[in-house]
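Observations on chain architecture
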Protein chains: 2
Amino acid sequence: MTSDWKSVAAQKKAALEASIPAEWRIEQLPTDGSVMSFPKTSGILTPDELAITESSATDLVRDLASGKITSIAVTTAFCKRAAVAHQLTNCFHEFFPEIALRRAKYLDEYLAENKKPIGPLHGLPISLKDQVRIKGLETTMGYVSWIGKKDTEDSVLTTMLLNAGAVLYVKTSVPQSLMVCETVNNIFGRTTNPRNKNWSCGGSSGGEGAIVGIRGGIIGVGTDIGGSIRVPAAFNFLYGLRPSHGRLPYAKMANSMEGQETVHSVCGPLTHSVADMRLFVTSVLSQKPWSYDSKVVPIPWRQEEEDAIKNEIASRSLTLGYFSCDGEVLPHPPILRGVQTVVDKLSEAGHTVLPWEPYKHPYAVDLANRVYASDGGVDIFGTLNASGEPAIPNIADLVNPNLPKMSINEVWQVQLDKWNYQSEYLAKIREFETKIGQELDAIIAPITPTAAIRHNQFKYYGYASAINILDFTSVVVPVTFADKGVDKVNEGFAPLGEMDKIVQGEYDPEVYHGAPVAVQIIGRRLTEERVMAIAEEVGRLLGNEITP
Amino acid sequence: MTSDWKSVAAQKKAALEASIPAEWRIEQLPTDGSVMSFPKTSGILTPDELAITESSATDLVRDLASGKITSIAVTTAFCKRAAVAHQLTNCFHEFFPEIALRRAKYLDEYLAENKKPIGPLHGLPISLKDQVRIKGLETTMGYVSWIGKKDTEDSVLTTMLLNAGAVLYVKTSVPQSLMVCETVNNIFGRTTNPRNKNWSCGGSSGGEGAIVGIRGGIIGVGTDIGGSIRVPAAFNFLYGLRPSHGRLPYAKMANSMEGQETVHSVCGPLTHSVADMRLFVTSVLSQKPWSYDSKVVPIPWRQEEEDAIKNEIASRSLTLGYFSCDGEVLPHPPILRGVQTVVDKLSEAGHTVLPWEPYKHPYAVDLANRVYASDGGVDIFGTLNASGEPAIPNIADLVNPNLPKMSINEVWQVQLDKWNYQSEYLAKIREFETKIGQELDAIIAPITPTAAIRHNQFKYYGYASAINILDFTSVVVPVTFADKGVDKVNEGFAPLGEMDKIVQGEYDPEVYHGAPVAVQIIGRRLTEERVMAIAEEVGRLLGNEITP
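Residues numbered from 1 in each chain as written. Chains lettered and ligands numbered in written order. Predicted model: local features only at pLDDT ≥ 70, side-chain atom pairs only at ≥ 80, totals over all residues. Heavy atoms only, no water.

Another aspect to go through is the packing of helix α11 (residues 303–314) of chain B against helix α20 (residues 528–542) of chain B. All names here are of chain B. Where α11 meets α20, the closest approach of the two axes is 7 Å, and the angle between their N-to-C directions is 35°. Taken as a pair, α11 and α20 cross one another with a handedness that is right-handed. Seen from α11, the contacting residues are E305, E306, A308, I309, K310, E312 and I313; seen from α20, they are E529, R530, A533, I534, E536 and E537. Its residues assigned to classes, the contact of α11 with α20 shows five nonpolar, no polar and eight charged. (Axes fitted to C-alpha atoms, helices over the stretch in contact; angles between N-to-C directions. Helix = DSSP H or I, 4+ residues; strand = E, 2+ residues; numbered from the N terminus. Left-handed = near helix turned anticlockwise from the far one by under 90°. Contact = heavy atoms within 4.5 Å. Nonpolar A, V, L, I, M, F, W, Y, C, P; charged D, E, K, R; others polar.)

This is how it looks when you write it as structure tokens:
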């Protein structure tokens, strides 16, 4: 068996590579440095195709709906650029340009015949993390034992996207098990960051981070149980939405530890702008996902919630909290500078930005870690053992088959602890609001303690996972880049504990130079409209986003 | 130890009885038959007090807000009638008229001083199932080992009700463990149905069924994990709302199997009308419970949803499904007649009422039963063993310590099965809608297979628990009463299985004569506004409710 899994994996990998047409192949791969500008000089994309892929989704759907451009043109452009992206970063699991182009042709014909788009995403390519099922294709999620199993039905999100008019063309890479914030598995190997192949693209939606980062995709679908949308967004200078559980449909996706509901995984978009993020969310909600997925709450897009924040922005009266350290691990200098930059920009714009005391975050992080390891690795190791493939190194740390399994009564206790913690957090917010006499609109915080990190170095998930425990809405906003001239080693550093020491010890201004730095904007449960509007304003103040 | 629990329980029971002032004591208790009219002839309540207790909550809050009546008067009236109710049905766990009257005085003074009510429930007494915590009082839930433990904080619902202006005066009886639909425990004994002491008041919110049924309460708060609001509502000719999980706040209530989240218990009101039910729901939602309890979804009262149904009612265009049998247990003749009565009334009124095929209900019922027993009784038996009290007979069947406990991976599988089942059910609804070309507004169904049942006979929870698995919104509507002249034994009965045989075998027209018959109106998840509006119309058509 152990020799066999390698040949099965190799065949799968070879079939993937064969899905890239010869005319989209790069003859001479770059050997080092950023590959961000490679698509422009590759000669594979025409100038029109380059322009399409460097446009916004919001502009593209407008031009697709009016017939100014065709879905064939847009789909061809993204298929080509995605093929280039894959050859540069290894971000594919499944690539199906023929299916995509057939779909694009159908949509172009539909528009010609009906003189109106089929839905709000008419003709727009959307890239999917390899958890989202498409009938007739494979979802391996990087597991060798899942190779060859064709999906017999669509995930609900697939149905919603197709109903909204999207074109699906690629399923992107994930780490084995999904439970790490880097992206490597035994079938496809490692996905790298398009800005520097020595950096991680993040994970587990790492393929989405890379492909959208280099604009081989324009809106990517990720999932997040402990940072898996937000970390790749952060490491690729993208916006990323972790909605609260129940806002977007997750039914019938593949997953590790399926049925685990103590900490819910959620799905959401990675994009270049909040406008594109909003396009995705409004488009999915317009399809009434609550009529398909029982876990989706029947809350349509609430324009009045967005407008409430826009009014506060107009009157310079946002009220925000912020913190730089969660009490467990101090972020690296570039991240501390990133948070301060956002605080300064908002304050200068006239908004109120006050320190927020992160309430018992280490407790939340510990709860999350216990849940992630609660079955002692039975589910994941069962899937590995079915092929004989070994665990990737990161997994042995997180999901250890020698760990005891939680009993059902222990699970209930953790669930009760979580509920109580969440409610205590709400009490802290109410206290804060009472004290300042204002409603707290959101909290600004790091999403990782580091800028885009070197491979195999990602150790501390707490800035992300505490928010998963709270099930708060969070939007990652790209802020700046690490700068060796500014972000000096923290000389007076006194570690808070062992993890803090490890993380801080990993900082090297030279190695991080140029790596993307992000923050997350966090709002209460199911406040997507509000948090996105605040994230948009932060992006605007930073000059990272042009609001249409 | 085993002798000791009895004296502890006896002391607690004696303290409860001592909380009833001598002047509210019944000198000569009736020996048999209905006690529904006893309060009128008891001489304990004045004519004004009788009128107050026979009013509606909607009318009372209007008159309390305008100062036409005082909270002292209303609270006194309900305390008196509740005291009478308890002596007739044994429905109390805690009774605190002095605290209530102090609160009423405060509210009367507040109104006099501020010329406006403190909130939408200003001055209105609300009765609580003995799971709801009030700081400084006990929540025993009928467990001997919990006697003497005073609560150190309020449940979130308590806070919401107090903020809305309610007066709390009583906590009512539940069965040991809450996991049965009758009401008996080792501290307080059995609660009986005010219409016939040989009938169950239902359970687990049985004390609420009895006290609101005989108008010792006007709005009662119950909880429901498998029928515990709906069954006592049905058995006492009341309306009962089982909202979907997340609509109303449950945080910081006492419970059995706390932290069990595979099938959520929810809280909701038992009332004499949908108008009063709406008053309760709108009042609680007006306090923004989502800012206190993390599980509450931020959905304020949606008047537009109610209005959509009211428009359909006005245009006689409701579209409803119905079923009489879930495929596992055929209801008794009075219930079959009840369902048919509702179908006929709606059809006669011009609405569309079509047969609905209940999708895999026995599968859902089995899922629910597995969850209820999933810890093999560890939690409940631990609580019993702490005092040495024995289990009530019903518990040994449902929660058996000899059963194996579910492993965490089995829990996840059940959770995944449940999610898939829910989504399949939604697919069936969409199919149905496509077929008929109309949106399905709700489904009419039995809530129990029997009218108000004799003690120790309640065996089949499936009509209720399948809806808990679906987490659909359900409102119980009182329909009629069993009639020995009409509801003859089903002579040609061929049982569907062992449970069906047991349940049908228990039918006796003589014994059931006069027992309340109800149906439930079921809507998709989080559709409270719509389902309540339909329930109101059904009540109106039946002549059971006067819409204000």
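Facing 39 residues of chain B, the contacting portion of chain A comprises 39 residues. Contact between chain B and chain A buries roughly 3,800 Å² in total, counting both sides, with carbon and sulfur atoms accounting for 58%. Linking chain B to chain A there are zero salt bridges. Taken together, the connections running from chain B to chain A amount to 16 residue pairs in polar contact (both at pLDDT 80 or more). Elements with a minimum of two residues in the side of chain B that touches chain A: α14 (378–385) and α16 (408–436) of chain B. (Buried area = accessible area lost by both parts, 1.4 Å probe. Salt bridge = Lys/Arg side-chain N within 4 Å of Asp/Glu carboxyl O. Polar contact = N/O pair within 3.5 Å; in protein donor to acceptor, adjacent residues only side chain to side chain.)

A word on the state of the cysteines. A complete count under the given rule lists zero disulfides over all chains for this structure. We note that C79 of chain A lacks a disulfide partner, and the nearest cysteine sulfur, in C91 of chain A, lies 12 Å from it. Of the residues examined, C79 of chain A reaches a relative accessible area of 0% and is grouped as buried. Cysteine C267 of chain B remains unbridged, with the sulfur of C181 of chain B as its closest cysteine sulfur at 17 Å. (Disulfide = S-S within 2.5 Å. Buried < 20%, exposed > 50% of the residue type's maximum accessible area, 1.4 Å probe, protein only.)

Turning to α14 of chain B, a few remarks are in order. An α-helix turns once per 3.6 residues; consequently, residues spaced three or four apart project the same way. Taken residue by residue, α14 of chain B has I380, F381, T383 and L384 of chain B as its buried positions. For α14 of chain B, the arc enclosing every buried residue in end-on projection is 155°, short of the 170-degree limit, so these residues lie on one face. (Arc of directions from axis to C-beta.)

All names here are of chain B. If you walk across this open sheet you meet the 11 strands as β1-β3-β2-β8-β10-β9-β14-β15-β13-β11-β12, and the pairing is mixed. The open sheet is flanked by β1 (92–95) and β12 (352–355), the only strands paired with a single partner. Ignoring which end each strand starts from, the neighbouring axes of this sheet average 25° apart. Bridge count between strand β2 (residues 125–129) and strand β3 (residues 167–172): four bridges; the pairing is parallel. Considered in β3, the bridge of L128 is made with K171. Helix α6 (residues 97–114) rests against β1 and β3 of the sheet, and its axis sits at about 160° to β3. Contacts from helix α17 (residues 462–470) reach β8 (219–224), β9 (239–242), β13 (442–446), β14 (473–481) and β15 (516–523) within the one sheet, and its direction differs from that of β15 by about 20°. (Pairing = 2+ DSSP bridges.)

This next bit is on the relation of the copies chain B and chain A. Note on the copies: chain B fits chain A at an RMSD of 0.0 Å, the axial shift is 0.0 Å, and the rotation between them is 180°. The symmetry that links the two subunits is that of a two-fold axis. (Least-squares fit on C-alpha atoms with pLDDT ≥ 70 in both.)

In this chain, G203 of chain A is followed by S204 of chain A through a cis amide linkage whose omega measures 0°. Mapped onto the fold, S204 of chain A is located in the loop between β7 (196–200) and α8 (206–213). A positive phi angle, near 60°, is found at L526 of chain B, a position not held by glycine. Its location among the elements puts L526 of chain B in the loop between β15 and α20.

Our next topic: the side chain of S173 of chain B. Residue and element names in this part refer to chain B. Assignment of secondary structure puts S173 in the loop between β3 and β4 (184–185). Of the residues examined, S173 reaches a relative accessible area of 1% and is grouped as buried. Residues in contact with S173, not counting those within four places in the same chain, are N90, C91, F92, H93, T183, T191, S204, S205, G206 and G207.

Another aspect to go through is the pattern of salt bridges. All names here are of chain B. In this structure the tally under the stated criterion is 64 salt bridges over all chains. With a shortest N-O distance of 2.9 Å, E506 and R454 are connected by a salt bridge. Placement of E506 in the loop between α18 (498–505) and α19 (509–512) and of R454 in the loop between β13 and α17 is noted, with a sequence separation of 52 residues between them. When its relative accessible area of 10% is taken as the criterion, E506 is described as buried. According to the relative accessible area criterion, R454 is partly exposed, its value standing at 26%.

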